[in-house]
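Examination of the molecular architecture
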Amino acid sequence: MNISSVHGAPSSSLPKELTRVAQRRLTRELAEWSVKNPPVPGMSVEQTDRVDEWRVTVTGAASSVYENERYTLRFVFPSDYPMEAPEVIFLSPTPRHPHVYSNGHICLNVLYDGWSPALTVTSVCLSIVSMLSSAAKKGSPAG
Amino acid sequence: MMQTQMLRRMLDDFPCMSPSDARFQRFHGFITISEREFRVSISSDCTYLSTDKSLKSIISPCFQKVRERLKLALNAHEFLLELRDIAEHQIDATRTDKQSVEFGLPPAQFYEQLLTDISHMGWSCVASMSETMRALDLITRDAAGRTHSLNVSLPADYPKNPPKCVTNMPVEFEIQWGRDSTLISVLRQFEKLVAQYQDFFRTMEDLDKHAWVLEPEYPTTREVYRRVALGKTCSMRVEIDHRAPLKSFPEIRFLGSEAAIEPFKQRLNQNIQHWDMTGQSLVRQNLERVLEITLPLPVDKNAEDGEDSMLECGICYAYRLEESTPDVTCDLAECSKPYHRGCLVEWLRALPGTRESFGMITGNCVYCEESISVAVSAD
């Protein structure tokens, strides 16, 4: 099976209705990325024609086992963002990490119960990079 | 930074316009004019504009004007505001004209009288008029040089019946209409009313100039209140008695966290006897004396965005949401995060640890986790 094509496909072909709040907040966040470009060194957001789906490239932190490795994250925003967390996965090739499944799913509490509207795309990316950095060696999830 | 500002304003005024690329070169979407929606695309530098057929036909009589505005506009947001005004005006004018065509044009006496009136008043008083001349915009200048406009719709049997007037005054403009009354007497009455409100205009202008006005966003001569910033996290709403702005005490309400507004409340209570009601001091001067502060001026519009993010809702990142502005603030002084009531209620309700009783919701602040309570409805 060609995994990359599965990952590359948009999450759903039906464009969902973003609430007005979600739309504005995403546009604001996107503006920050394009104005400061990028808000964090080593991160960049790809041009995308959908406001509810972003691709962000992150770089492994210096002196971590992922140093200088570049990975792409796919953010899919729920219609009532930021009341609910975005769905974030690694696109193939995914990093080998105890909290990243081979299908790209990330085990990180801010993406689930720990989500708060105080978080942003930038802070989620930072959390993910720091999660990668905390691993002493590369490895796959247990089980 | 300019771009972010423009974008924010764009979304405030035209929520259905969205950027079509990440660089915000172009916007597509719909704008609402007189309760109808029109499709528009525009480039952010105003070099490109396209509209749907119906909007095109509405603005076609004033294409030249639109083109000029397009050339002069600073950005897409400003231009769309202008476009909306122009189209609104056109729609209003054709509406009045259509009515007259349906019932036939007014009789010759109507025009005879109207032209006599206008030549007496001087054509310089007429800012614009509709095709059938039944809707007019008259302007007058007051003693301080401010322009005030008087929007007049004439009945077909004018001067037998009085025209309908719309003004930008804080009070209803009620016209006295007698047998010999004409448009001239209406204009004179309007001028008299304007003259009575000089103190009010002066008071408001002074606030607009020497304070950081948060609301209304675009103050006109009609609004009798201002919400002005006191600091980064608190503000006050001042409602002025437009009949006696200098000889009465305005209604003052402080907005912000308890910790931030308490010192202001105390000073107001202590120094209230120093409020000068003799007519010598403007409201802003009285406020500064009684509160023992100099009201802060707006932060530089081009300054780093972080400056005004202190006023934006911590959830939706906007200052203005529909009609509301952030009206709930975290009570922890170091946090003082502002929220729209609606945003905070929606977030807290989704959390398991939130308690709701007697119309109050209690949960944790999104930022500092301190307990925060909010009334479910605004009052």
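Structure: above.
Keep in mind the model is a prediction, meaning the values are calculated, not measured. (Residues numbered from 1 in each chain as written. Chains lettered and ligands numbered in written order. Predicted model: local features only at pLDDT ≥ 70, side-chain atom pairs only at ≥ 80, totals over all residues. Heavy atoms only, no water.)

The next thing to look at is the sheet that holds strand β3 (residues 70–76) of chain A. All names here are of chain A. Ordered by their spatial adjacency, 4 strands build an open sheet running β1-β2-β3-β4, and the pairing between neighbours is antiparallel. Because the sheet does not close on itself, it has two edges, and the strands there are β1 (44–45) and β4 (87–90). Two elements, β1 and strand β2 (residues 53–59), share 2 bridges in a ladder whose sense is antiparallel. Each bridged residue has a counterpart across the sheet, and for S44 the counterpart in β2 is T57. Along the sheet, helix α3 (residues 121–133) makes contact with β2, β3 and β4, crossing β2 at roughly 40°. (Pairing = 2+ DSSP bridges. Helix = DSSP H or I, 4+ residues; strand = E, 2+ residues; numbered from the N terminus. Contact = heavy atoms within 4.5 Å. Axes fitted to C-alpha atoms, helices over the stretch in contact; angles between N-to-C directions.)

On the side of chain B, 28 residues touch chain A, which itself brings 21 residues to the contact. For the chain A face of the interface with chain B, the top three residues by lost area are R24, R28 and M83 of chain A, together amounting to 30%. Where chain A packs against chain B, one counts 2 salt bridges. The salt bridge involving R28 of chain A is made with E312 of chain B; its shortest N-O contact spans 3.2 Å. Joining chain A to chain B, the criterion identifies 5 residue pairs in polar contact (both at pLDDT 80 or more). (Buried area = accessible area lost by both parts, 1.4 Å probe. Salt bridge = Lys/Arg side-chain N within 4 Å of Asp/Glu carboxyl O. Polar contact = N/O pair within 3.5 Å; in protein donor to acceptor, adjacent residues only side chain to side chain.)

This paragraph deals with the sheet that holds strand β12 (residues 251–255) of chain B. Residues and elements named next belong to chain B. Overall, antiparallel pairing links the 4 strands, which are arranged β9-β10-β11-β12 in an open sheet. Because the sheet does not close on itself, it has two edges, and the strands there are β9 (213–215) and β12. Direction aside, the axes of adjacent strands within the sheet are offset by 30° on average. Both strand β10 (residues 225–229) and strand β11 (residues 235–239) contribute to a ladder of 5 bridges, which runs antiparallel. What sits directly across from R226, in β11, is V238. Contacting β9 and β10, helix α7 (residues 198–210) crosses the sheet at an angle of about 20° to β10. Together, β11 and β12 form the strand contacts of helix α9 (residues 283–291), whose direction differs from that of β11 by roughly 135°.

Turning our eyes to something else, we now look at the pairing of strand β7 (residues 147–153) of chain B. All names here are of chain B. Of the two faces of β7, the one lined by H148, L150 and V152 is fully buried and the one lined by T147, S149, N151 and S153 carries no buried residue. Relative to β7, strand β6 (residues 135–141) is paired through 7 bridges, and the arrangement is antiparallel. Following the sheet pairing, I139 is matched in β7 by S149. Following β6, the chain reverses through 5 residues before pairing antiparallel with β7; G145 in that reversal takes a positive phi of roughly 85°. Strand direction decides the pairing type here: β7 and strand β8 (residues 164–167), joined by 4 bridges, are antiparallel. Looking at β8, one finds that V152 is bridged to C165. (Buried < 20%, exposed > 50% of the residue type's maximum accessible area, 1.4 Å probe, protein only.)

Bear in mind that shape data such as this cannot, by itself, settle questions of function.
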